[in-house]
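# Survey of secondary and tertiary structure
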Amino acid sequence: MTNIYAVILAAGQGTRMKSKLYKVLHPVCGKPMVEHVIDQISGLHTKQIVTIVGHGAEKVKAQLGDRSAYALQEEQLGTAHAVIQARALLEGKEGCTLVVCGDTPLIQTSTMESLVRHHEKTGAKATILTAHAENPAGYGRIIRGADGSVTRIVEHKDASEQERAVKEINTGTYCFDNKALFDALKHVSNENVQGEYYLPDVIEILKEAGEMVSAYQTESFEETLGVNDRVALSEAERLMRARINEQHMRAGVTIIDPQNTYIGPDVVIGSDTVIHPGTVLSGSTSIGEDCIIGPNSEVRECEVGNRTVIRQSAAFDSQIGSDVNIGPFAHIRPQSSLADDVKIGNFVEIKKASFGKGSKASHLSYIGDAEVGSSVNIGCGTITVNYNGKDKFLTTIEDGAFIGCNSNLIAPVTVKKGAYVAAGSTITDEVPEESMAIARARQVNKENYVQKILPKNE
Ligand code: UD1
Ligand code: CA
């Protein structure tokens, strides 16, 4: 293969989105559209990727970082004008240049590869990726001559009734001979309904100069969907969700209701794991084999082992081992780490806490800023009192300790190995190894007291 360069068009404001967020930063399945595009382009081993930025340039750059070079389009005068901004970086290079719109999040590496292959095989100076659209409104139409070859692209707004009837559309992805592209761009004018410099005009310019242009039609219109408004955004979300879920199912994950399961593009799931409805898995979460997740669970940026169960619960930025049992209705907050065989039961909140192997907090507890050893049993209603209104303090519960129900552990405090805290205690001082702490008032029974305060009617 020759050298491949890529230009991503991402400078537009996206007026039709009616949004404060720049169009290409709108997420699809949790990831900004333009990042999906760059992920797929990265699969092509390009020599260089140049993203054209304008509206929201700093935000787009912050999102993509050093995965791309950038060229600034200060005024958005059209897609041809956008590509011209890459001149300083690309003009004169030997090879082909892919141009992809930042608002086509579903485009896939394999399709772009086929486009490049077709382009090389035909020896064309420009190859357009086209698709058949049942409803082509809004897209540029591919106009072919009597011999079937492409002559030009006409924008929807500039098209005649007859041209609008054409269902073959310009997907906005092209492969150009790099030198021919920058030569042709010099001749693009803005004499059209929108007064913009259209990149598709390059096709007609090359054709008229006697160069060969070609089209490669993809089977899947859906992959080329351009997101211009929120209706298309929801459509892209639905298609991307279906694609991601299908990949997991084909790889051995059971998804009970794919329409109602939301998995981010970077999530990894092991085989024989079952995902129940209403589950949202996002970020770079990884889940092992034979797990049960959901119904109605949210897991973000977590690493989860094998055979773990997370029912009706939320877990964020945490490490969760194997054979762990979470929920229903548990909340695992960031920077927590649960070793194997841990149990976090209903209405338990964990924050920045580590649990050693086999430890349990089965009911109604808050464990924050804590180091819990292995085989610890935390009774119902235990609270680590970690905050004095100003600073946070650490609670340490060593291996084998037993914390009785409804205890307050006032941090900083340590319950040493094998120690026992009696139910209802408020612990302020270290509990030594193997000893029992009881810190509550003794019970007093006042005989016949009720009779005195609530005399019964004679
Ligand atoms: C464009 C094509 C159309 C094609 C469709 C496919 C043109 C003139 N039309 O139309 O033939 O069917 O895509 O989805 O190219 N952009 C810039 N700078 C600009 C203008 C646009 O960077 O000055 C970027 C936008 O951010 C966007 C992309 O280029 O990511 C496409 O622009 P958009 O306005 O969405 O073009 P369409 O009307 O969809
Ligand atoms: Ca568009």
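Residues numbered from 1 in each chain as written. Chains lettered and ligands numbered in written order. Predicted model: local features only at pLDDT ≥ 70, side-chain atom pairs only at ≥ 80, totals over all residues. Heavy atoms only, no water.

### Considering the overall build of the protein chain
Scanning the protein chain from terminus to terminus reveals 10 helices and 37 strands. Here the protein chain has a C-alpha radius of gyration of 31 Å; the compact-globule value for 458 residues is 23 Å, and the former is much larger. Structurally, the protein chain occupies a C-alpha span of about 110 × 55 × 45 Å along its principal axes. Scored against the burial criterion, the 458 residues of the protein chain give a buried share of 48%. For the protein chain, long-range pairs separated by at least 24 residues make up 39% of all intrachain contacts whose partners lie at least 6 apart in sequence. Approximately 21,600 Å² of the protein chain is accessible, and the part contributed by carbon and sulfur atoms is 48%. The averaged location of the 57 negative side-chain charges in the protein chain is 5 Å from the averaged location of its 46 positive side-chain charges. (Helix = DSSP H or I, 4+ residues; strand = E, 2+ residues; numbered from the N terminus. Rg over C-alpha atoms; globule rule 2.2 N^0.38 Å. Buried < 20%, exposed > 50% of the residue type's maximum accessible area, 1.4 Å probe, protein only. Contact = heavy atoms within 4.5 Å. Areas by Shrake-Rupley, 256 points an atom, 1.4 Å probe, with all protein chains shown as cover. Lys, Arg positive; Asp, Glu negative; His and termini not counted. Charge placed at Lys NZ, Arg CZ, Asp CG, Glu CD.)

### A look at the nonpolar core
Within the largest apolar cluster, 61 residues are counted, with the highest numbers of intra-cluster contacts made by Ile-344 and Phe-355. Among the elements that line this core, the one with the most residues is helix H9 (residues 230-250), at six residues. Residues lining this core come from more than one domain, with at least three contributed by each of domain 1 (4-224) and domain 2 (313-437). What Phe-355 contacts, discounting residues up to four positions off in sequence, is Ser-337, Leu-338, Ala-339, Val-342, Ile-344, Ile-350, Lys-360, Ala-361, Ile-367, Val-372, Gly-373 and Ile-378. (Core = buried A, V, L, I, M, F, W, Y, C linked by side-chain atoms within 4.5 Å. Domains from an automatic or database assignment.)

### Considerations on the domain arrangement of the protein chain
Often, the extent of an interface is quoted as the loss of accessible area on bringing the components together. Domain annotation for the protein chain reports domain 1 (4-224) and domain 2 (313-437). One C-alpha centre belongs to domain 1, the other to domain 2, and the line joining them spans 55 Å.

### A short note on the site of ligand 1
The environment of ligand 1 is formed by 24 residues, the closest being Gly-12, Gln-73, Thr-79, Glu-155 and Asn-170. Within the backbone of Gly-12, a nitrogen or oxygen atom sits 2.8 Å from an oxygen atom of ligand 1. The protein chains hide 91% of the 750 Å² of surface that ligand 1 would expose on its own. Those elements that place two or more of their residues in the shell around ligand 1 are strand S1 (4-10), helix H3 (79-84) and strand S10 (168-177). For the shell around ligand 1, the leading source of residues is S10, giving three residues. (Near = heavy atom within 4 Å. Polar contact = N/O pair within 3.5 Å; in protein donor to acceptor, adjacent residues only side chain to side chain.)

### Some words on the coordination of the calcium ion (ligand 2)
Coordination of the calcium ion (ligand 2) by the protein involves Asp-103 (OD) and Asn-228 (OD1), with metal-donor separations of 2.3 to 2.4 Å. With Asp-103 in the loop between strand S6 (96-101) and helix H5 (109-122) and Asn-228 in the loop between strand S11 (213-218) and H9, this residue pair connects regions lying 125 residues apart in the sequence. Using a relative accessible area of 23% as the deciding quantity, one classes Asn-228 as partly exposed. (Donors = N, O, S within 2.8 Å, 3.2 Å for Na, K, Ca; no water.)

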